[in-house]
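Each chain, written out:
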Amino acid sequence: MWDDAFPSFLIGLREGLEGGLIVSILVATLVRAGAKSRLPQVWTGVLAAIALAMSFGAVLTFTAASLSATAQEAFGGALSVVAVAFVTAMVFWMRRSARGLSGEIKEKVTGALGMGAGVLILTSFLAVGREGLETALFLWTTARAAGESVGPLTGAGIGLVLAAGLCWGLYRRVLKINLTKFFTATGAVLIVIAAGVLGYGLRDLQEGGALPGKAAYALDLGGSVDAGAWYSTLVQGVLNLTPTMTWLQVIGYAGYLAVVMTLFVRGVRTTKPAPAPPRATTSEAGTPAASRTRASSRTRPAWVVPVAVVAVPAVVAGLVVALGWPKPAGARTVAVSETECGKGFTAPRPGRQTFQMRNTGSRTSEVYLIDPATNAVYGEIEGLAPGTTRDLVATVAGGSYAWRCVPTGGTAVTSKIVRVGGGAGATAVVPVSEQDLATPLKEYQRYVERGLATLVAQTGRLNADIQGGDLAAARTDWLTAHRTYSSLGAAYGTFEDFDRKINGRPDGLPGGVDDKDFTGFHRIEYGLWHGQSADRLKAPAQQLAADAAGLLKAFPTQAFDPGDLPLRAHEILENTLQFELTGQADQGSGTELATADANLAGTRELLSVLEPLLTSRAPHLLPTVDADTARLRGLLDAAHHGNAWTPVNRLDALTRARLDGATGQLLEDLAPVPDLLEIRKSA
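Model, not experiment: these values are computed from the prediction.

Digging into the state of the cysteines
In the structure shown here, the tally under the stated rule is one disulfide. Here C341 pairs with C405 through a disulfide, and the sulfurs are 1.8 Å apart. Across the S-S bond linking C341 and C405, the dihedral sits near 70°, which makes this disulfide right-handed. Residue C341 is found in strand β4 (residues 341-343), and its partner C405 is found in strand β9 (residues 399-407); the two are separated by 64 residues along the sequence. For the pair shown, C341 and C405 are each scored as buried.

Next up, the structure:
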């Protein structure tokens, strides 16, 4: 997230500091001129500028959402180029104006004081509004480039908060910052970031068909660069450089950087301090304003103007979104009920469409947009309650479409079929039923039963070691048994209370490692690697062996939800990344990577039973996952030396980053599995 956050942090800090300095100067000028009563007019203009920036961001977001996938690429690319132009202009303007900014603003305020409230509101609005619009546009483009990451908004928020704190400190004369040096340094960094945004925008324009050369690659390092490594993520997040780039991207990036950075550096060397403008005295600016304020009579409540100037941009943005751009053909209400499904549904245009699904019946319903020939699902809404309306967004291409509504406790209802001509790019998911998962479930249950039988034998040996006082053998047998249990990860939810007894950690227990409820593998691990005697470990070892035997006996009668299988494909390694690769699960043995290796083996075993279903729905998924798995296993094997494993806390930073990156990449590639194999109602 933080690699995505840095560009937005920088723009938030710069623009926030620039806007905050302007506001500080406005306020200070009024206070010194004895016109504190005019401060609400300044804040009104500031609020109006903020409302305008937020409304502008809303227009960008909702306008893009109403476009087809191809048009979205072109729209986003064009705005990326515009954002680069704004940021470039801002960088040069601040480099040139930083020294004389205070005098320039004071001069404008002095003139506005004698011209009434409207002019002062307009002055503060224009002073802050430009920064707000630039910030909104740049944040929109960086957030779009980052996809679902919350990094850009987080970074911008931190930057704006820090800027506000700095401006307050400067206003109170607590801080002294050389603004010229600050804006020069951040300007150089922003030019590098803007070059990346330009390259990203040019690629979007190529994807949208607005520019040629979509397949003309200048760089294609996908096979040799580790996309999941920390350095790849950092470079891509901060600089928008990717392993694969077209010639247009490379030329645009290099050309912009060479020309703009040269001009910027040359300007820094030649710029001379600007003479300070003459300082207005209190008698020149303050007295007329104060007397004018006292002389004016209020003909309206004080809150009317602030509310109006803040509300107007929001209302205009709403009208632009509602009326300014054509809505997609599918953006109309489609009825859902126990007796009819899809009333009001007509053939939409190809592309990204929004359907407003309204439940007019009396039962909660599942709603699916399907291909009636194959029952493949293009979009869905789960749990649409009676009397409610929710949007369903789906990409439509040439083909046949229908709605299927499945009310709770009722019979599925399918709408009439409509046909869409032309277009391409829609992706559907072939639905999975409980019957489809029945065979994989049985196969996995047999795998778990074999593993539990092995576990019983291994915990028996571990118990015998401890009862006989052979703690060296116990350490070896402990790891063997624990790896066996860890490889059964997809069944943890079925084990009920046995999992807590067998593999629970001391986290959250009142007595910590000394708590009576701390049992199982980790209790024995703590004792074996913290010098506890065999006598202290005899009872925990006996209990572990008994719990393993109890689990083997109970497992055939425990409920195993088939829907858990696709969920666990992702969750096992999520837990690995959270607990094993951070060292949180370790109780002294330093064998977290051995457990991670067992978790990886368990994940691959689960995928093997799901392979027929996955291959028919996503042919390229498992080959990609296999490559990721091999890379992660290679990194784990490198930490395995005979019977010993390198503890996580002894790994060097680069190796640890590679492990985290490889696991993260594998998790990303496994993320579609739950959606692909989700059980969908059909009756």
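Here's the deal with a nonpolar patch on the surface
On the surface, L47, I50 and M54 cluster together into a nonpolar patch covering about 300 Å² of accessible area. Along the polypeptide, M54 turns up in helix α2 (residues 39-65).

A closer look at empty space enclosed by the protein
Enumeration according to the criterion identifies one cavity of 30 Å³ or more in this entry. The space that makes up the largest cavity amounts to roughly 60 Å³. If you go around the largest cavity, the residues you meet are W478, H482, H522, E525, E580, A585, D586, S589, T591, E592 and T595. Where the lining of the largest cavity is concerned, the elements lending two or more residues are α13 (471-486), α15 (521-528) and α18 (592-617). Looking at the lining of the largest cavity residue by residue, the class counts come to two nonpolar, five polar and four charged.

Concerning the packing of helix α17 (residues 564-580) against helix α20 (residues 653-670)
With their axes 9 Å apart at the nearest point, α17 and α20 run at an angle of 160° to one another. Overall, the two elements α17 and α20 adopt an arrangement that is roughly antiparallel. The handedness of the crossing between α17 and α20 is left-handed. Here A569, H570, L573, E574 and L577 of α17 come into contact with α20, specifically with D660, T663, L666, L667 and L670. In terms of residue class, the contact of α17 with α20 is built from six nonpolar, two polar and two charged.

Section: the packing of aromatic side chains
A ring pair, where both rings are aromatic, is described by two values, the distance of the centres and the angle of the planes. Summed over the entire model, instances satisfying the criterion amount to ten aromatic pairs. Seen from their ring centres, F355 and W403 are 5.3 Å apart, and the 80° between their planes marks the pair as edge-to-face. With F355 in strand β5 (residues 351-359) and W403 in strand β9, this pair connects stretches of sequence that are 48 residues apart. W403 carries the same exposure label as F355, and that label is buried.

Points about unusual backbone geometry
Positive phi is not limited to glycine here, since N375 has a value of about 65°. Tracing the chain through its elements places N375 in the loop between β6 (365-371) and β7 (376-384). With a relative accessible area of 30%, N375 lands in the partly exposed category.

Remarks on the packing of α15 against helix α16 (residues 534-554)
Contact geometry of α15 with α16 gives a least axis separation of 9 Å together with a crossing angle of 155°. In terms of orientation, α15 lies roughly antiparallel with respect to α16. The handedness of the crossing between α15 and α16 is left-handed. In this structure, α15 contributes F521, R523, I524, G527 and L528 to the contact, and α16 contributes R536, L537, P540, A541 and L544.

About the cut-offs
Residues numbered from 1 in each chain as written. Predicted model: local features only at pLDDT ≥ 70, side-chain atom pairs only at ≥ 80, totals over all residues. Heavy atoms only, no water. Disulfide = S-S within 2.5 Å. Helix = DSSP H or I, 4+ residues; strand = E, 2+ residues; numbered from the N terminus. Buried < 20%, exposed > 50% of the residue type's maximum accessible area, 1.4 Å probe, protein only. Patch = residues over 30% accessible without salt bridge, like charges linked within 9 Å, V, L, I, M, F, W, Y side chains within 5 Å. Areas by Shrake-Rupley, 256 points an atom, 1.4 Å probe, with all protein chains shown as cover. Salt bridge = Lys/Arg side-chain N within 4 Å of Asp/Glu carboxyl O. 1 Å grid on protein atoms, 1.4 Å probe; cavity = no way out; pocket = protein on both sides within 12 Å on 5 of 7 lines; lining within 4 Å. Points joined across faces, edges and corners; volume = space filled by probe spheres on them. Nonpolar A, V, L, I, M, F, W, Y, C, P; charged D, E, K, R; others polar. Axes fitted to C-alpha atoms, helices over the stretch in contact; angles between N-to-C directions. Parallel < 35°, antiparallel > 145°, perpendicular 65-115°, else oblique. Left-handed = near helix turned anticlockwise from the far one by under 90°. Contact = heavy atoms within 4.5 Å. Phe/Tyr/Trp six-rings, centres within 6.5 Å; stacked < 30°, edge-to-face > 60°.

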